[in-house]
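Residue-level structure breakdown
Okay, here's what each chain looks like letter by letter:
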Amino acid sequence: MRKTAALIMAAGGGERFEGRESKTLHPLLGRPVVAWSAERFAANRGVGSVTVVVAPGEEDRIRKILADEHLHSIERIVPGGSTRQESVRLGLEGLDPSFDTVLVHDAARPCVTQSLIDRTLAALETYDAVVPVVESVDTLVRERQGVVDAVLNRGDIAGVQTPQGFRAELLVRAHGHAHAVGFSSSDDGSLVLEVGTTVRTIPGDRTNIKITYIEDAMIAESILERQRR
Ligand code: CTP
Ligand code: MG
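Residues numbered from 1 in each chain as written. Chains lettered and ligands numbered in written order. Predicted model: local features only at pLDDT ≥ 70, side-chain atom pairs only at ≥ 80, totals over all residues. Heavy atoms only, no water.

Notes on the side chain of histidine 105
Basically, it comes down to this: Segments assigned H or I by DSSP are reported as helices when at least four residues long, segments assigned E as strands when at least two residues long, and all are numbered from the N terminus. Each residue is placed in one exposure class: buried if its accessible area under a 1.4 Å probe, protein chains only, is under 20% of its type's maximum, exposed if it is over 50%, and partly exposed if it falls in between. Between N or O atoms, a polar contact is any pair within 3.5 Å; within protein, one atom must be a potential hydrogen donor and the other a potential acceptor, and residues adjacent in sequence are included only when both atoms are from side chains. Contacts between residues were defined by any pair of non-hydrogen atoms, one from each residue, lying within 4.5 Å.
Inspection of the secondary structure assignment puts histidine 105 in strand β6 (residues 101-106). The class of histidine 105 is buried, set by a relative accessible area of 0%. Among the polar contacts made by the side chain of histidine 105, one reaches the side chain of threonine 162 at a distance of 2.9 Å. In this structure histidine 105 touches Leu7, Ile8, Met9, Ser37, Phe41, Val112, Thr162, Pro163 and Asn208, once residues within four positions along its chain are discounted.

Below you can see the structure in the form of structure tokens.
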């Protein structure tokens, strides 16, 4: 098996969440969101190292929170930037070059399953760039000034989740290129597409929701509760 590093992205401000605290520290069943996410990668035998990318200045606090959650194997805590893209780029800097492949995961997806991590790792044995997708249950339209401009063909559309998996060298190159030309995206797969590499899709998981708004925390708690059984 290839040597894989995981980056857990937790440096965002969580503005849509409107919480008192950063959404990645919001407690779910008494445990911070970031601890749920990071623990799942630390527990996966295919993952050799876990880096948590946090808001600058929060390094010591997050290190203590992870230690309190008994996540002692997570030693690499790195300050991120003002956009997700910058945070990933900073997380990749200084990563041990012996890692062939990298998984990038949103800390805000704490319900990620071992099965999805395993599927992503398995696809990386064959492909250079892999993203999990789910169908859109809503009809999607293009909207302009309060009117429906076009109805998109749902069969051609998918929602992209994380973890996304990449050959490390490819992801570093894609981030370097995007940084150099001023291309920006909140999605790593898009940066890899920009350097002309095919991005493969694998089936995602409907329970792998992203906590964006406060009500998502309630849904995540019930998913985590069910996973415990
Ligand atoms: N993220 C990051 N660095 C940033 C922005 C986002 O590491 N500068 C992380 C977030 O912490 C989150 C993940 O990327 O786990 C997905 O981003 P998103 O859900 O948009 O989180 P936020 O940017 O924090 O939320 P919002 O967009 O509502 O402000
Ligand atoms: Mg954001």
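With respect to the environment of glycine 94
Relative to the helices and strands, glycine 94 is located in the loop between α3 (84-92) and β6. We classify glycine 94 as exposed; its relative accessible area is 71%. Note: C-alpha distance between glycine 94 and valine 78 (16 residues apart in sequence) is 9.8 Å.

Regarding the nonpolar core
The test is simple: Grouping buried Ala, Val, Leu, Ile, Met, Phe, Trp, Tyr and Cys residues that are joined through side-chain atoms within 4.5 Å yields what is termed a nonpolar core.
Phe41, Val47, Val52, Leu66 and Leu103 are the most contacted members of the largest nonpolar core, which totals 28 residues. Elements represented by at least two residues in this core include exactly β1 (4-10), α1 (33-42), β4 (47-54), α2 (59-68) and α4 (114-124). Ranked by residues supplied to this core, first place goes to α4 with 5 residues.

A closer look at the pattern of salt bridges
What counts here: Salt-bridge detection follows one rule: a side-chain nitrogen of Lys or Arg within 4 Å of a carboxyl oxygen of Asp or Glu.
Throughout the structure, instances matching the rule amount to 12 salt bridges. The shortest N-O distance in the salt bridge between arginine 61 and glutamate 58 comes to 2.7 Å. Judged by its relative accessible area of 23%, glutamate 58 falls in the partly exposed class. The residue glutamate 169 makes a salt bridge to arginine 173 at a minimum N-O spacing of 2.8 Å. Of the two residues, glutamate 169 and arginine 173 both sit in helix α5 (residues 168-181), 4 residues apart, roughly one turn of that helix. You can call arginine 173 partly exposed: its relative accessible area is 42%. Bridged by salt links that share partners, the residues Arg84, Asp106, Arg109 and Asp188 form one connected network.

Some thoughts on the site of ligand 1
Spelled out, the test is: Proximity is defined per residue: if any heavy atom of the residue lies within 4 Å of a molecule or strand, that residue is considered near it. Exposure was quantified through the Shrake-Rupley algorithm and a 1.4 Å probe, taking into account, for residues, occlusion by the shown protein chains and nothing else. Here a cavity means grid points, on a 1 Å grid over the protein atoms only, where a 1.4 Å probe fits yet cannot get out; a pocket means an open set of points with protein on both sides within 12 Å along at least five of seven lines; lining residues are those with an atom within 4 Å of a point. Molecules are considered to sit inside a cavity or pocket once more than half of their atoms lie within 2 Å of its grid points.
Every one of the 19 residues lining ligand 1 counts as a neighbour, but Met9, Gly14, Glu15, Ser87 and Lys210 are closest to it. One nitrogen or oxygen atom from the main chain of glycine 13 is found 3.3 Å from an oxygen atom belonging to ligand 1. Contacts to ligand 1 include lysine 210, whose side-chain N or O atom sits 2.6 Å from an oxygen atom. Coverage of ligand 1 by the protein amounts to 87% of the 560 Å² it exposes when considered alone. Using a 2 Å cut-off from the grid points, one finds that ligand 1 occupies the largest pocket. Among the elements of the structure, β1 and α3 are those that each provide at least two residues to the shell around ligand 1.

It is worth stressing that arrangement in space is one thing and function is another; only the former is reported here.
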